[in-house]
Amino acid sequence: MLEHDVIIIGGGLAGSRAALEIVRTNPTLSVGLIAKTHPIRSHSVAAQGGMAASLQNADPTDSWEAHAFDTVKGSDYLADQDAVEILTREAPDVVIDLEHMGVLFSRAADGRIAQRAFGGHSHNRTCYAADKTGHAILHELICNLMQYGVTIYDEWYVTRLILEDGQAKGVVMYHLLDGQLAIARAKAIMVATGGYGRVYNTTSNDYASTGDGLAMTALAGLPLEDIEFVQFHPTGLYPVGVLISEAVRGEGAYLINHEGRRFMEDYAPSRMELAPRDITSRAITREIRAGRGINPDGSAGGSFIYLDLRHMGKEKIMSRVPFCWEEAHRLLGIDAVNEPMPVRPTVHYSMGGIPVNTEGRVRGSATELVEGFFAAGEAACVSVHGANRLGSNSLLECVVYGRRTGAAIAHYIQNRKLPDLDETHYLTEAADQIQALIDQPGTYRIAQIRQQYQDCMTQYCGVFRSESVMQEGIAKLKEIQQLYRQVRLDDKGKDWNTELIEALELRSLMIVGEMILTSALNRKESRGSHAREDYPDRDDTNFLKHTLTYYSAAGIDIQYMPVIITQFQPQERKY
Ligand SMILES: Cc1cc2nc3c(=O)[nH]c(=O)nc-3n(C[C@H](O)[C@H](O)[C@H](O)COP(=O)(O)OP(=O)(O)OC[C@H]3O[C@@H](n4cnc5c(N)ncnc54)[C@H](O)[C@@H]3O)c2cc1C
């Protein structure tokens, strides 16, 4: 059996920042960091636009309180305000800390860290490294982990969380290289497995964003929080869905419809293109529904709108958002200096996740904490984003709460022993499950079932939702889940069996999707990203509360938990 003081699942920004904090606090601690990709291929590496912090470099009137208010208003008042205060207060410090580690942020003319505008933020406070911010930060963090001697298990897939008697004790893991199974135990386990964008058919997320950590937590009988809140980013490149960063609008690009009109003046006149993402995605969807979208031949009525950078000029485009120019050029042959880019909303971010307190400890219910179990980053819900995340607050959350969770773990394990667990039992069970999947005499290929499933989630639980449509979606989902039992794997081998991994990932996607749909059905109001056509208003009397969703094969159970309000009383949200 493998043993460490701490095991972290996930090598993105949250997992690697936590690992670094643990070994910085106590270099004698042994940390095992497991990732199904190489850590520097975690989705964090793709983050483009930047990380918010009220450094006051671009705008001396900014403050952490202003950042906190923008975040709470952006969340449609569902965020826990104690967690938001920590996020925004600690932001300047974590940026400077990253800078000292060697992260190459873009600079203002006077040499200080540059800061740009971002949607829903009232001041220019987003720090960036051109439009490759995640790349700059993650590489530096991983270099640091190597220096500190953290053990990295790259290309190991965690199949199960071992939770016994209310305590997280270890994990079951599978080596992609040769099919070896192993059990690892530790005094504390942390989940930092990122989001679930692949639940939908059009997403900005990478292929590995399949919600595994959420599914394994739910399968262990623990709840997920606010999982109905799915962020649609307004500008996914049409038709592929890859992200064109909000930084492009932050630097001045326009959204225009078929009439060539900046239609955001109808939806958010004071913020225009820099309204929060939920409002902008709904505006684009409404324009398309009203026949003011554009077709690939440029005629009216089609399913995208334009992101227009032409007035920005070549020099600005190439220095501030070169990667976005390159994406449109490489994928569609479009030169954004001279032509507008076709875009439409794409699934981007998970506001909900594994419920944690502000020390990263996982909640087993509204009132209990689970022993030995921690989470941070996109997989967790602390909840700083509530019903809608502001751009550039997620990298910030990963670093602030990654650091806090790492510090909390280093403290927590001081007087704890390695837990006892029956290695043989878990190894046999995992080997049997994998063999059963390989031997299954099915007729469907994974890609067929996954496509049907992703289409179902996209159609029945998208930007706009309603009772009858979601009920239909749940019925459809149950049918597709039955097909999973008839999946056939062609690869029966042990070496690099990516087909097997895809089958395991599909299981995660299906569990998470069912939890999203069911929680969305139960929230009979519109708040942030959750827009119900049958309940168009926010309902603070009945729904100013967090959803806690429990999964079991017998059915899904929903409970609720209060929202923490400190400084900002809920108001109508206008931009
Ligand atoms: C294209 C794009 C651009 C973005 N731009 C920005 C931005 O500019 N600013 C901003 O604030 N936010 C941005 N975001 C959001 C932000 O990047 C993410 O929310 C954040 O990076 C998530 O980090 P994480 O550490 O939680 O997870 P990730 O970086 O997704 O890492 C997850 C890790 O978990 C591992 N893992 C998953 N499942 C398993 C398993 N079963 N077994 C073992 N390992 C597993 C993966 O291998 C990986 O190492 C962007 C997101 C996207 C998709």
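Residues numbered from 1 in each chain as written. Predicted model: local features only at pLDDT ≥ 70, side-chain atom pairs only at ≥ 80, totals over all residues. Heavy atoms only, no water.

A. Spotlight on the overall build of the chain. Each helix and strand counted, the chain has 15 helices and 22 strands in total. Taking 2.2 N^0.38 as the reference for a compact globule, 575 residues should give roughly 25 Å; the C-alpha atoms of the chain span a radius of gyration of 23 Å, in line with that estimate. Across its three principal axes, the chain shows a C-alpha extent of roughly 65 × 55 × 50 Å. By residue count, 63% of the 575 residues in the chain fall in the buried class. (Helix = DSSP H or I, 4+ residues; strand = E, 2+ residues; numbered from the N terminus. Rg over C-alpha atoms; globule rule 2.2 N^0.38 Å. Buried < 20%, exposed > 50% of the residue type's maximum accessible area, 1.4 Å probe, protein only.)

B. Inspection of the sheet that holds strand E3 (residues 51-52) at higher detail. The sheet built from three strands is open, its strands ordered E3-E5-E4 with antiparallel pairing. Pairing within the sheet leaves two strands with one partner each, and these edge strands are E3 and strand E4 (115-116). Bridge count between E4 and strand E5 (residues 126-127): two bridges; the pairing is antiparallel. In the strand pairing of E5, Arg116 is matched with Thr126. (Pairing = 2+ DSSP bridges.)

C. Structural context of the domain arrangement of the chain. Domain boundaries assigned for the chain yield domain 1 (1-229 + 351-575) and domain 2 (232-345). Centre-to-centre separation of domain 1 and domain 2, based on C-alpha positions: 28 Å. Taken together, the 31 residues of domain 1 in the interface contact 33 residues of domain 2. Of the roughly 2600 Å² buried between domain 1 and domain 2, counting both surfaces, carbon and sulfur atoms make up 56%. Among the residues domain 1 hides against domain 2, the three largest losses belong to Gln48, Phe464 and Tyr575. Together they make up 26% of the total. Where domain 1 meets domain 2, there are three salt bridges. We note a salt bridge from Asp278 to Arg573, for which the minimum N-O separation is 2.9 Å. Taken together, the connections running from domain 1 to domain 2 amount to 12 residue pairs in polar contact (both at pLDDT 80 or more). Considered class by class, the residues forming the side of domain 1 that touches domain 2 number 11 nonpolar, 14 polar and six charged. (Domains from an automatic or database assignment. Contact = heavy atoms within 4.5 Å. Buried area = accessible area lost by both parts, 1.4 Å probe. Salt bridge = Lys/Arg side-chain N within 4 Å of Asp/Glu carboxyl O. Polar contact = N/O pair within 3.5 Å; in protein donor to acceptor, adjacent residues only side chain to side chain. Nonpolar A, V, L, I, M, F, W, Y, C, P; charged D, E, K, R; others polar.)

D. Seen up close, helix H5 (residues 212-219). Of all eight residues that make up H5, seven are buried, and the element is covered over most of its length. Looking only at H5, the buried set comprises Asp212, Gly213, Leu214, Ala215, Met216, Thr217 and Ala218. Positive backbone phi, at 90 degrees, marks Gly221, one or two positions downstream of H5.

E. Structural view of the packing of aromatic side chains. Under the criterion given, the structure shown has eight aromatic pairs. Centroid distance Phe69 to Phe568: 5.4 Å. Interplanar angle 65 degrees. Geometry classified as edge-to-face. Note that Phe69 is positioned in helix H2 (residues 64-74) and Phe568 in the segment after strand E22 (555-562), a separation of 499 residues in sequence. Classification of Phe69 as partly exposed rests on a relative accessible area of 25%. With a centroid separation of 6.3 Å and an interplanar angle of 75 degrees, the aromatic rings of Phe543 and Tyr560 are classed as edge-to-face. Highlighted residues: Phe543 in helix H15 (residues 540-543) and Tyr560 in strand E22, separated in sequence by 17 residues. (Phe/Tyr/Trp six-rings, centres within 6.5 Å; stacked < 30°, edge-to-face > 60°.)

F. Representation of the pairing of strand E13 (residues 305-308) within the structure. Two elements, strand E12 (residues 254-256) and E13, share three bridges in a ladder whose sense is antiparallel. When the bridges of E13 are listed, Leu255 appears paired with Leu307. Pairing of E13 with strand E14 (residues 341-350) involves three bridges; the strand directions are antiparallel. Its bridge partner lying in E14, Tyr306 is registered against Pro342.

G. Just the sheet that holds E13, in detail. Here we have four strands laid out as an open sheet, ordered E11-E14-E13-E12, and antiparallel in their pairing. Edge strands, defined here as strands with exactly one partner in the open sheet, are strand E11 (230-237) and E12. Strand after strand, the sheet turns through a mean of 45 degrees between neighbouring axes, direction not considered. Sheet analysis places E11 next to E14, joined by six bridges and oriented antiparallel. Note that in E14 the partner of His233 across the bridge is Thr346. Of the strands in this sheet, E11, E12, E13 and E14 touch helix H7 (residues 277-289), which is tilted by about 60 degrees from E11. (Axes fitted to C-alpha atoms, helices over the stretch in contact; angles between N-to-C directions.)

H. Geometry of the site of the ligand. Residues in contact with the ligand amount to 39 residues; listed here are only the nearest, Ser42, His43, Ser44, Glu378 and Leu395. Measuring from an oxygen atom of the ligand, one finds a backbone N or O atom of Gly11 at 2.9 Å. Interatomic distance of 2.8 Å between a backbone N/O atom of Gly50 and a nitrogen atom of the ligand. A total of 1000 Å² of accessible area belongs to the ligand in isolation, and the protein chains cover 98% of it. (Near = heavy atom within 4 Å. Areas by Shrake-Rupley, 256 points an atom, 1.4 Å probe, with all protein chains shown as cover.)

I. Representation of the pattern of salt bridges. Enumeration according to the criterion identifies 47 salt bridges in this entry. The closest approach of N and O atoms between Arg538 and Asp540, which form a salt bridge, is 3.1 Å. The class for Arg538 is partly exposed, based on a relative accessible area of 23%.

J. Focus on the side chain of Ser466. Summarising the element assignment, Ser466 is placed in the loop between strand E19 (464-465) and helix H13 (467-484). Ignoring sequence-local partners within four residues, the contact set of Ser466 consists of Arg532 and Asp534.

K. Up close: helix H4 (residues 133-148). The terminal C-alpha atoms of H4, which comprises 16 residues, lie 23 Å apart, in line with the 22 Å expected from a rise of 1.5 Å per residue. Every buried residue of H4 is listed here: Thr133, Gly134, Ala136, Ile137, Leu138, Leu141, Ile142, Asn144 and Leu145. The inward-facing, buried residues of H4 abut helix H1 (13-25), strand E2 (31-35), E3, helix H3 (81-101), E5 and helix H10 (394-412). (Expected span 1.5 Å × (residues − 1).)

L. Looking closely at the packing of H13 against helix H14 (residues 498-522). Across the interface, H13 lies against H14 with an axial gap of 10 Å and an inter-helix angle of 160 degrees. Viewed along their axes, H13 and H14 adopt a mutual orientation that is roughly antiparallel. The crossing of H13 and H14 is left-handed. Here Glu467, Met470, Gln471, Gly473, Ile474, Leu477, Lys478, Ile480, Gln481 and Tyr484 of H13 lie close against H14, whose contacting residues are Ala503, Leu504, Leu506, Arg507, Met510, Gly513, Glu514, Leu517, Thr518, Ala520 and Leu521. When its residues are assigned to classes, the contact of H13 with H14 shows 12 nonpolar, five polar and four charged. (Parallel < 35°, antiparallel > 145°, perpendicular 65-115°, else oblique. Left-handed = near helix turned anticlockwise from the far one by under 90°.)

M. Just the side chain of Ser508, in detail. By the secondary structure assignment, Ser508 is in helix H14. Among residues more than four places away in sequence, those in contact with Ser508 are Tyr157, Thr210, Gly211, Asp212 and Ala215.

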